[in-house]
Amino acid sequence: SLLNCLLSTACSVGLALAIALTMHSRGMHLVMGCNSSALPADARAAIATNDCPFNTTRIYDTALALWFPSMVLAAAEAVLSGRCCLVALIFRGIGPCARSYSKEQV
């Protein structure tokens, strides 16, 4: 659970960074594979061109719509994994509350 907590935290931080970079560049990093000068400065207004290997019409909104819930769920998973790790340590007598818990059991 500790490893899962660390990986979920790293995932949520990475998604937050991706969201911040995408919003800062107005989505132009999402269409970097398109080497067309016909693309506008805003990725939300981009149109599908023959120079681009994918449809650019809704990539900005779709990416953000998928990344926000993923970031929230990864953060929730990190919190729950951290709590599971803490409970496991307490049951093993290692955690910060282990001594008071063992006294209550006696």
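Along each chain, residue indices are assigned from 1 in the same order as the chain's sequence is written. Per-residue local features of the predicted model are confined to residues with pLDDT of at least 70, and side-chain atom pairs are confined, for both listing and counting, to 80 or more; whole-chain, interface and lining totals are unaffected and use all residues. Calculated side-chain values reflect all of the structure's heavy atoms, with hydrogen atoms and water omitted.

## What to know about the overall build of the protein chain
Here comes step 1: What counts as a helix is a DSSP run of H or I of at least four residues, what counts as a strand is a run of E of at least two, and both are numbered from the N terminus. Looking only at helices and strands, the protein chain has three helices and zero strands in total.
Here comes step 2: Secondary structure elements in the protein chain, listed N-terminal to C-terminal, are α-α-α.
Here comes step 3: Only protein chains enter the area calculation, which uses a 1.4 Å probe; residues under 20% of their type maximum are buried, those over 50% are exposed, and those in between are partly exposed. The buried share of the protein chain, reckoned over its 106 residues, is 26%.
Here comes step 4: Here a residue-residue contact requires only that any non-hydrogen atoms of the pair lie within 4.5 Å. Excluding contacts between residues fewer than 6 apart, the proportion of contacts in the protein chain whose partners are at least 24 apart in sequence is 50%.
Here comes step 5: Only the protein chains shown count as cover for residues, with accessible areas throughout obtained via the Shrake-Rupley method and a probe of 1.4 Å. For the protein chain, the exposed area adds up to about 7400 Å²; of that, 65% sits on carbon and sulfur atoms.

## Focus on helix H1 (residues 2-24)
Here comes step 1: Given the number of residues in a helix, its expected span is that number minus one, multiplied by 1.5 Å. Spanning 23 residues, H1 covers 33 Å between terminal C-alpha atoms, matching the ideal 33 Å at 1.5 Å per step.
Here comes step 2: Residues Cys5, Ser8, Ser12, Leu15, Ile19 and Thr22 constitute the buried set of H1.
Here comes step 3: Its buried side turned inward, H1 meets helix H2 (59-92).
Here comes step 4: Two residues or fewer past H1, Arg26 is found with a positive phi of approximately 60°.

## What about the packing of H1 against H2?
Here comes step 1: Interaxial angles span 0 to 180 degrees and are taken between N-to-C directions of axes, which are lines fitted to C-alpha atoms, for helices over the stretch in contact. The N-to-C vectors of H1 and H2 enclose an angle of 155°; their axes lie 8 Å apart at closest approach. With respect to H2, the axis of H1 lies roughly antiparallel. Considering only the axes of H1 and H2, their crossing is left-handed. Every angle not falling under 35 degrees, over 145, or within 65 to 115 is termed oblique; those three ranges are roughly parallel, roughly antiparallel and roughly perpendicular. By definition, turning the near helix anticlockwise from the far helix through less than a right angle yields a left-handed crossing, and turning it clockwise yields a right-handed one.

## Points about the UniProt feature "signal peptide" (unreviewed entry) in the protein chain
Here comes step 1: As annotated in UniProt, the feature "signal peptide" (unreviewed entry) corresponds to residues 1-18 in the numbering used here.
Here comes step 2: With 94% helix and 0% strand, the stretch residues 1-18 has end C-alpha atoms that lie 25 Å from each other. UniProt positions are given in the numbering used here, feature names are shortened, and annotations may be inferred rather than shown by experiment.

## A word on H2
One turn of an α-helix holds 3.6 residues; hence residues three or four places apart share an orientation.
Here comes step 1: Taking 1.5 Å per residue, 34 residues should reach 50 Å; H2 reaches 48 Å between its end C-alpha atoms and fits that length.
Here comes step 2: For H2, every residue scored as buried is listed here: Tyr60, Ala63, Leu64, Ala74, Ala78, Ser81, Cys85 and Ile90.

## Digging into the confidence of the model for the protein chain
Here comes step 1: Across the protein chain, the average pLDDT comes to 76, with 61% of residues at 70 or higher.
Here comes step 2: pLDDT is defined as a per-residue confidence score from the predictor, taking values between 0 and 100. Mean pLDDT values over the elements of the protein chain span from 58, in helix H3 (residues 98-105), up to 91, in H1.

## Examining the side chain of Ser8
Here comes step 1: Along the chain, Ser8 turns up in helix H1.
Here comes step 2: On the basis of relative accessible area, Ser8 is assigned to the buried category, the value being 4%.
Here comes step 3: Each residue touching Ser8, except ones within four places of it in the same chain, is listed here: Ala74, Glu77 and Ala78.

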